[in-house]
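The residues making up each chain are set out below.
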Amino acid sequence: MRASSEPSSSSTELPLVSILVPSFNGAKWLREALDSILAQTYTRLEVILLDDHSDDETPAIAAEYGDRITYVRQPQNLGIYDNVNVGIAMARGEFLATFHADDIYLPTIVESQVRCLLERPDVGAVFCADIFVDAVGEEYARLVLPPEVRGDRSLNHKTVLNTLLTYKNSFMVCPTAMVRANVHAAVGVYDQARYRNTGDLEMWLRISRHTRIVVLESHLMKYRHFHGNSSQRYHRLRTAPENFFLIMDEYLDSGDRSLATVRALEHYEAHRAKDRLMAAIAHYIKGELPEARRTLSEVNLMTVLRSDRVQRWRLFTIAIGLWPVLRLPRNEWMAQRMLDRWHTKHPPRKRHPR
């Protein structure tokens, strides 16, 4: 089904925005997401729903929207970023936004991001802060941006790189991204084959090398958690190094190390040590004691203690306590406690008015 491409006479001067909505078995939240996109105050939109061969009610829900959206059903499951790449190739807009089918968008997100790109021709991509909601859409927290990227400032690659090294990616939220079409044409599409579900981070770094970005401080979308999305499945009992480190190491080795500050690199290595510590715990839970001991030996506790971007004394205590545990036979009770404490995502407790 094809959405109408004719803008109203009052909006002909406005740039067309193509909103790409990748979805796989997201029927439970799809209507809410599409309704929030179609309710935007900015009306010159092309909404492309990219159904990654879902086996739920997604096709029937898409049909309800008629020509208000463009519906594309993939003949086989491609994965999230190869699915988005199909949308990038067919999008007709001057600006391309990738919004997710399980999130909720406040009415002014598109208007705010378009205004940013129109007012700042040196900026190639814009993001915004997000509101964290649970599976049923209830708010439990809001993103607080790192100080280095606050103020709706135009950010160069050095700033983006050092903020990533210091905080990991806590500020370029994938389902808030709006990118100029000519920037995508210049830098290429997502590399899912290499980076899998972390391909968005590599894309933001690629874009940041090419042009400036802005992260709006306004909270303009609701990011849904605790409902078993691909990111949560990826992290469950993961023992391989997080893809974040693969990507950052590649960029550091290809020239970005000269831009990195000593302090940012110290924080980065502390994040790596935490990742290896959590992997050692995952190995123990799975009964892989030799692998757990080997992985724990990779944890550099001095890097942990030098950084205030991780809970250093807590991680130090956990690592020291884990050494003797890994030299004893696996204890099922302890393994279950570790699973519940560090590898099971629990919805936040509901806030009750006083």
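These numbers come from a predicted model, not from an experiment.

(A) Local environment of the overall build of the protein chain. Scanning the protein chain for helices and strands turns up 15 helices and 9 strands. In terms of overall size, the protein chain behaves like a compact globule, its C-alpha atoms giving a radius of gyration of 22 Å where 354 residues would be expected to give roughly 20 Å. Overall size of the protein chain, expressed as C-alpha extent along the three principal axes, is 75 × 50 × 45 Å. Looking at the 354 residues of the protein chain, the share that counts as buried comes to 51%. Nonlocal contacts in the protein chain, meaning residues at least 24 apart in sequence, comprise 78% of its contacts between residues at least 6 apart.

(B) Seen up close, unusual backbone geometry. The backbone phi angle of His 53 is positive, close to 60 degrees, even though this residue is not glycine. Non-glycine residue Arg 196 carries a positive phi angle of around 50 degrees. Inspection of the secondary structure puts Arg 196 in the loop between α7 (192-195) and α8 (199-210).

(C) Examining the packing of aromatic side chains more closely. Scanning the entire structure with this criterion turns up 9 aromatic pairs. A centroid spacing of 4.8 Å and a plane angle of 25 degrees characterise the contact between Tyr 81 and Tyr 190, whose relative ring orientation is stacked. Residue Tyr 81 is found in helix α3 (residues 80-90), and its partner Tyr 190 is found in the loop between α6 (181-187) and α7; the two are separated by 109 residues along the sequence. A single burial state applies to Tyr 81 and to Tyr 190, both of which are buried. Through a chain of ring-to-ring contacts, the aromatic side chains of Tyr 81, Phe 127, Tyr 190 and Trp 204 assemble into a single cluster. The cationic tip of Lys 168 hangs over the ring face of Phe 244; the distance from NZ or CZ to the ring centre is 5.4 Å.

(D) Representation of the pairing of strand β3 (residues 70-73). Here strand β2 (residues 45-51) pairs with β3 via 4 bridges, running parallel. Bridge pairing in β3 places Leu 50 opposite Val 72. With respect to chirality, the unit in which β2 leads through helix α2 (residues 58-64) into the neighbouring parallel β3 is right-handed.

(E) Looking closely at the environment of Arg 236. Along the chain, Arg 236 falls in the loop between α9 (230-235) and α10 (243-253). A relative accessible area of 48% means that Arg 236 is categorised as partly exposed. Between the C-alpha atoms of Arg 236 and Ser 254, which are 18 residues apart in sequence, the distance is 30 Å. With residues up to four places along the chain from it excluded, the contact list for Arg 236 reads Leu 339, His 343 and Thr 344.

(F) Fine view of the state of the cysteines. Per the counting criterion, the structure on display carries 0 disulfides. The thiol of Cys 116 is unpaired, and the distance to the nearest cysteine sulfur, on Cys 128, comes to 11 Å. Looking at the unpaired Cys 174, the closest cysteine sulfur is the one in Cys 128, lying at 12 Å. Cys 174 gets classed as buried once you look at its relative accessible area, which sits at 7%.

(G) Geometry of the pattern of salt bridges. The final tally for this structure, using the stated rule, is 19 salt bridges. The partner of Arg 224 in a salt bridge is Glu 32, with the nearest N and O atoms 3.0 Å apart. Of this pair, Arg 224 sits in strand β9 (residues 212-224) while Glu 32 sits in helix α1 (residues 27-38); the two residues are 192 residues apart in sequence, bridging distant segments of the chain. The class for Arg 224 is buried, based on a relative accessible area of 1%. Among the ionic pairs, Asp 249 bridges to Arg 272, the shortest N-O distance being 3.0 Å. Of this pair, Asp 249 sits in helix α10 while Arg 272 sits in helix α11 (residues 262-285); the two residues are 23 residues apart in sequence, bridging distant segments of the chain.

(H) Inspection of helix α5 (residues 157-167) at higher detail. In terms of burial, α5 is largely enclosed, as 8 of its 11 residues are buried. Burial in α5 covers these residues: His 157, Val 160, Leu 161, Asn 162, Thr 163, Leu 164, Leu 165 and Thr 166. Each element contacted by the buried residues of α5 is listed here: α8, β9, α10 and α11. In the segment just after α5, Lys 168 is the residue with positive phi, at about 60 degrees.

(I) Highlighting the confidence of the model for the protein chain. Summing up the model confidence of the protein chain, the mean pLDDT is 92 and the portion of residues at 70 or higher is 92%. Segment residues 1-10 is flagged for pLDDT under 50; beyond a separation of four residues in sequence, or across chains, it makes 20 contacts in the model.

(J) Focus on the packing of α11 against helix α15 (residues 332-342). Between α11 and α15, the shortest axis-to-axis distance is 9 Å and the interhelical angle comes to 140 degrees. With respect to α15, the element α11 is oriented oblique. Considering the relative orientation of α11 and α15, their crossing is left-handed. Together, Met 278, Ile 281, Tyr 284 and Ile 285 of α11 and Met 334, Ala 335, Met 338, Leu 339 and Trp 342 of α15 make up the contact between the two elements. Taken together, the residues of the contact of α11 with α15 sort by class into 9 nonpolar, no polar and no charged.

The rules behind the values
- Residues numbered from 1 in each chain as written.
- Predicted model: local features only at pLDDT ≥ 70, side-chain atom pairs only at ≥ 80, totals over all residues.
- Heavy atoms only, no water.
- Helix = DSSP H or I, 4+ residues; strand = E, 2+ residues; numbered from the N terminus.
- Rg over C-alpha atoms; globule rule 2.2 N^0.38 Å.
- Buried < 20%, exposed > 50% of the residue type's maximum accessible area, 1.4 Å probe, protein only.
- Contact = heavy atoms within 4.5 Å.
- Phe/Tyr/Trp six-rings, centres within 6.5 Å; stacked < 30°, edge-to-face > 60°.
- Lys NZ or Arg CZ within 6 Å of the ring centre and 35° of its normal.
- Pairing = 2+ DSSP bridges.
- Right-handed = clockwise from strand over helix to strand, strands pointing away.
- Disulfide = S-S within 2.5 Å.
- Salt bridge = Lys/Arg side-chain N within 4 Å of Asp/Glu carboxyl O.
- pLDDT = per-residue confidence, 0-100.
- Axes fitted to C-alpha atoms, helices over the stretch in contact; angles between N-to-C directions.
- Parallel < 35°, antiparallel > 145°, perpendicular 65-115°, else oblique.
- Left-handed = near helix turned anticlockwise from the far one by under 90°.
- Nonpolar A, V, L, I, M, F, W, Y, C, P; charged D, E, K, R; others polar.

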